[in-house]
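For reference, the chains in residue letters:
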Amino acid sequence: MIQLNFSAEVRAAKEAGQPIVALESTIITHGMPFPQNVETARRVEQCVRDNGAVPATIAVLNGELCIGLSADQLNSLGQAKDVAKLSRADLPVCIATGKTGATTVAATMISAHLAGISVFATGGIGGVHQGAEQSFDISADLQELAQTPVTVVAAGPKAILDIPKTLEVLETLGVPVIAVGQDQVPAFWSRHSGIDAPLRLDSATDIARAAQTRAAMGLSGGQLIANPIPEADEIASEVLRPIIARALEEANAQGIEAKKVTPFLLGRIFELTEGKSLEANIALVLNNARLASEIAVAFSAG
Ligand code: PSU
């Protein structure tokens, strides 16, 4: 078995059988600018504690797979340059070569599962990119949801993606996409995508029970919990649509490809909305951390 480097807080929680919520690190290194990235990561960790669970932020630091980071580790990761963005393919290479990398949704799911953690909160999952019929750009997050048994709480696929195609792929892969408290799939910065969610559950208890039933049936894979951004924090999709279109055009014109696409688009949308997209991103992550904590608590109770 690979050696896991647990923080003192996470180790104690494991020994005491307390609920734990995994958190990713790509959102810190590639999803938000410094210093908001570190501040947000700290607030998200505190939000998990305030809701009765223990946060485990996951990253690879100098080849060690860390489950839970200290304040110093978080602070230096948030300012480090050229940190690798790790998915399923890169995670073992980064560990084997002693390098430092941030875990995406896919790599965080793998690491959380190795650490015995079954709930994970993030902002938005990767998915099928617009123009994927040409570029074939489909995030490895989707395959991971199909094979690794972790419940991922997100505010839906990011609105920069092709949401209908993302849902089609998830359906093909047998991943339950469960909207919370509404019938439509949320679209990250906006509450509505105009697309009905395949499934809806309104309580953390039901979400935990659905995951436990899946496991009891011997079905592989996780669940995608699509938790809409709070109303007060959303950016209307009509406002965002032209901004996303412009950012996508610029990405195409500049030949941005593969792993660089999502960070480029998030960065440009931040500039074009004069920071509003970041405020919404922070609010939705906090909202997801709260729900994930409730699910982790329900898991422990069941
Ligand atoms: N959620 C956010 N911001 C992010 C991400 C999630 O609010 O930056 C990251 C996650 O790590 C996710 C990645 O796995 O974006 C998707 O990248 P790609 O589209 O290259 O698969």
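Source: prediction; values computed, not measured. (Residues numbered from 1 in each chain as written. Predicted model: local features only at pLDDT ≥ 70, side-chain atom pairs only at ≥ 80, totals over all residues.)

Attention shifts here to the site of the ligand. Residues in close proximity to the ligand total 17 residues, the closest being Gly-31, Thr-104, Gly-123, Gly-126 and Ser-139. Every element with two or more residues in the shell around the ligand is listed here: helix 2 (26–31) and helix 12 (261–272). Here the element with the most residues in the shell around the ligand is helix 2; it accounts for 4 residues. Taken together, domain 1 (1–117) and domain 2 (121–302) each give at least three residues to the shell around the ligand, which thus spans both. (Near = placed C-beta within 6 Å. Helix = DSSP H or I, 4+ residues; strand = E, 2+ residues; numbered from the N terminus. Domains from an automatic or database assignment.)

Right, let's get into the domain arrangement of the protein chain. When cut into domains, the protein chain gives domain 1 (1–117) and domain 2 (121–302). Of the residues lining the interface, 29 residues belong to domain 1; the matching set on domain 2 comes to 30 residues. Elements with a minimum of two residues in the side of domain 1 that touches domain 2: strand 2 (20–23), helix 2, helix 3 (36–50) and helix 6 (105–114). Partitioned by chemical class, the residues of the side of domain 1 that touches domain 2 number 15 nonpolar, 10 polar and 4 charged. (Contact = placed C-beta atoms within 7 Å. Nonpolar A, V, L, I, M, F, W, Y, C, P; charged D, E, K, R; others polar.)

This part covers the UniProt feature "binding site: substrate" (unreviewed entry) in the protein chain. Sites flagged by UniProt as "binding site: substrate" (unreviewed entry) map to Lys-85, Val-105, Ser-139, Ala-140 and Asp-141. For the residues just named, distributed over 57 residues, the greatest C-alpha separation is only 12.7 Å, placing them together at one site. With respect to the helices and strands, Lys-85 occurs in strand 5 (residues 84–86). Overall, Lys-85 belongs to the buried group, with 21 C-beta atoms counted inside 10 Å. When neighbours within four sequence positions are excluded, Lys-85 is seen to be in contact with Thr-26, His-30, Ala-102, Thr-104 and Lys-259. Relative to the assigned elements, Ala-140 resides in helix 8 (residues 140–147). If we skip the residues at most four places from it in the chain, Ala-140 touches Ser-87, Arg-88 and Ala-106. (UniProt positions renumbered as here; feature names shortened; annotations may be inferred. Buried ≥ 20, exposed ≤ 12 C-beta atoms within 10 Å, placed from the backbone.)

A few words now on helix 9 (residues 163–173). One full turn of an α-helix is made of 3.6 residues, so residues set three or four places apart face in the same direction. Taken together, the buried positions of helix 9 are Ile-163, Thr-166, Leu-167 and Leu-170. Angular distribution of buried residues about the axis of helix 9 spans 95 degrees; they occupy a single face of the element. In helix 9, those exposed residues whose orientation departs by more than 90 degrees from the buried face are Glu-168 and Thr-172. Among the structural elements, helix 8, strand 9 (177–180) and strand 11 (223–226) are those in contact with the buried residues of helix 9. Phi turns positive, to about 75 degrees, at Gly-174, one or two residues after helix 9. (Arc of directions from axis to C-beta.)

Side chains of strand 2 alternate between two faces, with Ile-20 and Ala-22 and Val-21 and Leu-23 buried alike. Relative to strand 3 (residues 54–61), strand 2 runs parallel, the two being bridged by 4 bridges. Bridge pairing in strand 3 places Ala-22 opposite Ala-56. (Pairing = 2+ DSSP bridges.)

Attention now moves to the pairing of strand 8 (residues 151–154). Burial of strand 8 is two-sided: the residues Thr-151 and Val-153 facing one way and the residues Val-152 and Ala-154 facing the other way are all buried. Here 3 bridges tie strand 7 (residues 119–121) to strand 8, and the two strands are oriented parallel to one another. Pairing of Val-119 across the sheet is with Thr-151, part of strand 8. Sheet topology note: the strand 8/strand 11 ladder contains 4 bridges and is parallel. Opposite Ala-154, over in strand 11, you have Ala-226 as the bridge partner.

All right, on to the packing of helix 6 against helix 8 then. As a packed pair, helix 6 and helix 8 sit with axes 8 Å apart at the nearest point and diverge in direction by 25 degrees. The orientation of helix 6 relative to helix 8 falls into the category roughly parallel. Contacts between helix 6 and helix 8 involve Val-105, Ala-106, Met-109 and Ile-110 on the former and, on the latter, Ala-140, Asp-141 and Glu-144. In terms of residue class, the contact of helix 6 with helix 8 is made up of 5 nonpolar, no polar and 2 charged. (Axes fitted to C-alpha atoms, helices over the stretch in contact; angles between N-to-C directions. Parallel < 35°, antiparallel > 145°, perpendicular 65-115°, else oblique.)

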